[in-house]
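Structural features, examined
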Amino acid sequence: MEGATGVTASIEKSIAFVFAIVVGGTTSFQLAKDWKSTGLDNQVTKLLLGLMAFGCILVILAAVGVLGGV
Amino acid sequence: MAAASSFNATHEAITVRYNSVDHAYAEQRDIRLLGFVLFLISDVVIFSAFIFAYLYLRNSVPNWPPITKGGHQLPRFDVAYAAINSTILFGSGATMHSAMESWKRLDKPAFNLWLLATIVLGIAFLGGQGYEYHSAQVTWAGSTMGASFFTLTGLHGFHVFIGIIYLCVLYLQANRGVYTGSKYFGLTAGTLYWHFVDVIWVALFFLFYLW
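Residues numbered from 1 in each chain as written. Chains lettered and ligands numbered in written order. Predicted model: local features only at pLDDT ≥ 70, side-chain atom pairs only at ≥ 80, totals over all residues. Heavy atoms only, no water.

This brings us to the packing of aromatic side chains. All names here are of chain B. On inspection of all chains with the given rule, the structure shows 18 aromatic pairs over all chains. With centroids separated by 5.6 Å and ring planes inclined at 50 degrees, the aromatic side chains of F36 and F39 adopt a geometry described as tilted. With F36 and F39 both in helix α1 (residues 2–59) and 3 residues apart, this pair spans about one turn of that helix. On the basis of relative accessible area, F39 is assigned to the partly exposed category, the value being 37%. Between F77 and F208, the ring centres sit 6.4 Å apart and the planes meet at 85 degrees, which makes this aromatic pair edge-to-face. (Phe/Tyr/Trp six-rings, centres within 6.5 Å; stacked < 30°, edge-to-face > 60°. Helix = DSSP H or I, 4+ residues; strand = E, 2+ residues; numbered from the N terminus. Buried < 20%, exposed > 50% of the residue type's maximum accessible area, 1.4 Å probe, protein only.)

The structure is reproduced here in structure tokens:
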């Protein structure tokens, strides 16, 4: 809950931002690498990887204060 | 000449048998894959039911977070902490994908490493979720906000818990020779399940922390 001090929240935001950049970059790279793969399992995997990359974008937007009012 | 003919006939018989076995496996694999994808879709329906219930409850009150009977407004959830926990779970999705790719390259040490990393990150996420439950200022019975939060994140956490057990079983099976370089449907299903769990969290993260 919103009991964290300003300093703690800033540190948490920074960590989340760095993690999201790393994970989002990795996920996007994996998605690009598998982009031309075919088959149901690969198509579902690509969809889910794309949504995960979207999740990382949400985390980045939250960390910089655009979303969530941090 | 006769020897060559006999060799060709044997070779052809082996080829036919080998291909027929592979075709049988491929057909069985496709059916199992379709069944697993349908299972994931049914799980989406379960989560959707709870999410729409949450949306209904949220729109049935004038203020969100809701105001208690005592007259004070409940605080929002800690976005910064949840953001870190979210990246841990998303990171586990990336390591799971790497594990699957390692298996396809027949790189078993890398597969083991990535799969164990996925399990550790999954446990870390559950630990983070447990800490958030412990420090939460809402209760299950205290408000619709708390009830929705604990129900949906609890259902998701249960899926993560089952996923961790699933991954542990896959680790044991893979190291006992259950899967080969061409037959590894269990690993594919495990990867899809883990990605699915990650993606459900994207929706929950947005609904409870960002919106």
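Per-chain confidence: chain B averages 90 in pLDDT, with 90% of residues scoring 70 or above. Interface confidence for the predicted complex, expressed as ipTM, amounts to 0.89; the pTM equals 0.87. (pLDDT = per-residue confidence, 0-100.)

This part takes up unusual backbone geometry. Omega for the bond connecting B:W64 with B:P65 falls within 30 degrees of zero, at 0 degrees, which places this linkage in the cis form. Tracing the sequence through the fold places B:P65 in the loop between α1 and α2 (79–104).

Moving on, we come to the side chain of B:N112. The topology assignment puts B:N112 in helix α3 (residues 108–135). In this structure B:N112 comes out as buried when scored by relative accessible area, which is 15%.

On to the pattern of salt bridges. Overall, the coordinates contain 3 salt bridges over all chains when judged by the stated rule. Where B:R29 meets B:D30, a salt bridge forms, and the shortest distance between an N and an O atom there is 3.8 Å. A residue is classified by how much of its surface remains accessible, and B:D30, at 45% relative accessible area, is partly exposed. When the shortest N-O distance is used, the salt bridge between B:K104 and B:E101 registers 3.6 Å. One end of the pair, B:K104, and the other, B:E101, are both in helix α2, 3 residues apart, so they sit about a helical turn from each other. Exposure remark for B:E101: the relative accessible area of 16% places this residue in the buried category. One network of salt bridges, with partners in common, ties together A:D41, B:R29 and B:D30. (Salt bridge = Lys/Arg side-chain N within 4 Å of Asp/Glu carboxyl O.)

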